[in-house]
Amino acid sequence: IANLCDIVSRALPSQPVVVVSAASKITDMLLDAARQAANGTISLRAIEVRVMGLLSVFGIDGRIIDPELAGLRDALDVIREARDVSAADFDLVASYGERISARGIAAALRNMGIDASAHDAFDLGMITNAEFDGAEPLAESSDLLRQSITGIVSAGKVPVITGFIGWTIDHRVTTLGRGGSDYSAAIIGAAIQADEIEIWTDVPGVMTADPRVAPDARTI
């Protein structure tokens, strides 16, 4: 996160738009929480400890994500009452990883003096079909995203946008499938006609082959 903030700070002359994924391990933890809720148990302790720990490192008040945690609890309550979890339920629960991440990273940027604001992609126009866990944006998303994001950037702000998620025309939250944050960045970059799209991740490079198959694989 500290590296991300430095990258954004250096890019300010280029008017950056930031698309974020969930913190490492959070999506899997959220999906596990949905399965546990279907079995009658709701426990957010591990998730709260992880995200609060990340926020505290940057001196961010944990209350900044209270609305997201409340929404997550509500979603899990619905699953527990139904004793069943659908693909739509999984997508809604999983979406909170990115929603929490966007709030935390925007706050970290503001602590550096950068005027950043957090946004859920669906609020900016990421409208998809109803293929849960693998949704595709609808054609009208491009114009909506361009109008919304251009307005934010023109106001001098750095938008921090949730990757991975959108919603249907009737406002059911969807995900674009695992790895969908990179896909979201590409969609958003194309919509706003960005000069370039940069994908940053926490690995040292790309390997020439799967090292489990090719022992002599090397890192580029």
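So, here's what we can say about the structure.

Definitions and limits used
- Residues numbered from 1 in each chain as written.
- Predicted model: local features only at pLDDT ≥ 70, side-chain atom pairs only at ≥ 80, totals over all residues.
- Heavy atoms only, no water.
- Pairing = 2+ DSSP bridges.
- Helix = DSSP H or I, 4+ residues; strand = E, 2+ residues; numbered from the N terminus.
- Axes fitted to C-alpha atoms, helices over the stretch in contact; angles between N-to-C directions.
- Contact = heavy atoms within 4.5 Å.
- Core = buried A, V, L, I, M, F, W, Y, C linked by side-chain atoms within 4.5 Å.
- Buried < 20%, exposed > 50% of the residue type's maximum accessible area, 1.4 Å probe, protein only.
- Salt bridge = Lys/Arg side-chain N within 4 Å of Asp/Glu carboxyl O.
- Expected span 1.5 Å × (residues − 1).
- Arc of directions from axis to C-beta.
- Phe/Tyr/Trp six-rings, centres within 6.5 Å; stacked < 30°, edge-to-face > 60°.
- Lys NZ or Arg CZ within 6 Å of the ring centre and 35° of its normal.

1. Re the sheet that holds strand β2 (residues 116-119)
Here is step 1: The strand order across the open sheet built from three strands is β1-β3-β2, with neighbouring strands paired in parallel fashion. At either margin of the open sheet sits one strand with a lone partner, and together these are β1 (18-20) and β2. Between one strand and the next, the sheet's axes are offset by a mean angle of 25°, whatever the strand orientation.
Here is step 2: Against the sheet, helix α5 (residues 87-111) touches β1, β2 and β3 (158-162), its axis set at about 175° to β2.

2. Describing the nonpolar core
Buried together is how nonpolar side chains tend to be arranged in soluble globular proteins.
Here is step 1: By size, the foremost hydrophobic cluster in this structure holds 36 residues, and its most contacted members are L72, L76, I79, V93, L109 and V160.
Here is step 2: For this core, the secondary-structure elements that each account for two or more residues are α1 (2-10), β1, α2 (26-38), α3 (45-57), α4 (66-82), α5 and β3.
Here is step 3: Looking at this core, the element that brings in the most residues is α5, giving nine residues.
Here is step 4: Contacts of L76, omitting those with residues within four sequence positions, involve A33, A34, A37, I42, L44 and V93.

3. Let's talk about the pattern of salt bridges
Side chains carrying opposite charge are able to pair once their charged atoms draw close together.
Here is step 1: With the rule as written, the count across this model stands at 11 salt bridges.
Here is step 2: Here D170 and R172 are joined by a salt bridge, their closest N and O atoms 3.3 Å apart.
Here is step 3: By relative accessible area, which is 49% here, D170 ends up partly exposed.
Here is step 4: The partner of D210 in a salt bridge is R212, with the nearest N and O atoms 3.0 Å apart.

4. Thoughts on unusual backbone geometry
Here is step 1: Within the chain, Q15 stands out as a residue other than glycine whose phi angle is a positive 55°.
Here is step 2: Relative to the helices and strands, Q15 is located in the loop between α1 and β1.
Here is step 3: With a phi angle near 80°, K25 is a residue other than glycine that sits in the positive phi range.

5. Describing α4
Here is step 1: Between its terminal C-alpha atoms α4 stretches 25 Å, which fits the 24 Å expected from 17 residues at 1.5 Å a residue.
Here is step 2: Burial in α4 covers these residues: E68, L69, G71, L72, A75, L76 and I79. Down the axis of α4, the buried side of the element spans an arc of 160°, and every buried residue falls inside it. Among the exposed residues of α4, those oriented more than 90 degrees off its buried face are P67 and E81.
Here is step 3: Against α2, α3 and α5 lie the buried residues of α4.

6. Concerning the side chain of S181
Here is step 1: Relative to the assigned elements, S181 resides in helix α8 (residues 180-191).
Here is step 2: Apart from the residues within four sequence positions on either side, S181 is in contact with V19, V20, S21, E98, G163 and F164.

7. Describing the packing of aromatic side chains
Here is step 1: Counting across every chain of the model gives one aromatic pair.
Here is step 2: Where F122 meets W167, the ring centres are 4.3 Å apart and the plane angle is 10°; that geometry is what we call stacked. Residue F122 is found in helix α6 (residues 121-124), and its partner W167 is found in strand β4 (residues 165-167); the two are separated by 45 residues along the sequence. This pair shows no difference in class: F122 is buried, exactly as W167 is.
Here is step 3: Its end group placed over the ring of Y96, R99 keeps NZ or CZ at 4.2 Å from the ring centre.

These results come straight from atomic positions and should not be treated as a statement about function.
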